[in-house]
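Fold and contact review
What follows is the residue order along each chain.
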Amino acid sequence: MTVRYRCRYCDTELGTLPFNDEETIRKLHLFEVGEIEEFIEKDELGVTTVHCICEHCEESLRQFPDYYALKKWIQ
């Protein structure tokens, strides 16, 4: 199974990695069981996407911490 990594704010694809199953992903990223639905998405074709943050959005959040209140600030 290949897992895609995308920025949760600007939707930029950051890369892909091969994994065996979702349990491996959860352990690798230290997700709690309740958090996995927020960060990991599986579409109808079986593609798994992990929503994380890119360097540009991370820097923006450092400069403008009020952006944390917004789900998406980039239009």
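Report on the accompanying structure. (Residues numbered from 1 in each chain as written. Predicted model: local features only at pLDDT ≥ 70, side-chain atom pairs only at ≥ 80, totals over all residues. Heavy atoms only, no water.)

Another aspect to go through is the overall build of the protein. When helices and strands are counted, the protein shows 3 helices and 4 strands. In sequence order, the protein lays out its α and β elements as β-β-α-α-β-β-α. Across the 75 residues that make up the protein, the buried fraction comes to 25%. Sequence-distant contacts, at least 24 apart, represent 42% of the contacts inside the protein between residues at least 6 apart. In the structure as shown, the protein presents an accessible area of about 5,500 Å², 51% of it carried by carbon and sulfur atoms. (Helix = DSSP H or I, 4+ residues; strand = E, 2+ residues; numbered from the N terminus. Buried < 20%, exposed > 50% of the residue type's maximum accessible area, 1.4 Å probe, protein only. Contact = heavy atoms within 4.5 Å. Areas by Shrake-Rupley, 256 points an atom, 1.4 Å probe, with all protein chains shown as cover.)

Topologically, T49 is positioned in strand β4 (residues 48–52). At a separation of 3.1 Å, a polar atom in the side chain of T49 contacts the side chain of R4. Once residues lying within four places of it in the same chain are set aside, the contact partners of T49 are R4, R6, F39, I40 and E41. (Polar contact = N/O pair within 3.5 Å; in protein donor to acceptor, adjacent residues only side chain to side chain.)

What the 4 strands build is an open sheet, ordered β2-β1-β4-β3; its pairing is mixed. Edge positions in the sheet fall to β2 (13–18) and β3 (40–42), since each has one partner strand and no second. Taken over all neighbouring pairs, the strand axes of this sheet differ in orientation by 25 degrees on average, direction set aside. In this structure, strand β1 (residues 2–7) lies alongside β4, joined through 5 bridges in parallel fashion. Following the sheet pairing, Y5 is matched in β4 by V50. (Pairing = 2+ DSSP bridges. Axes fitted to C-alpha atoms, helices over the stretch in contact; angles between N-to-C directions.)

Function cannot be read off these values alone, since they describe shape.
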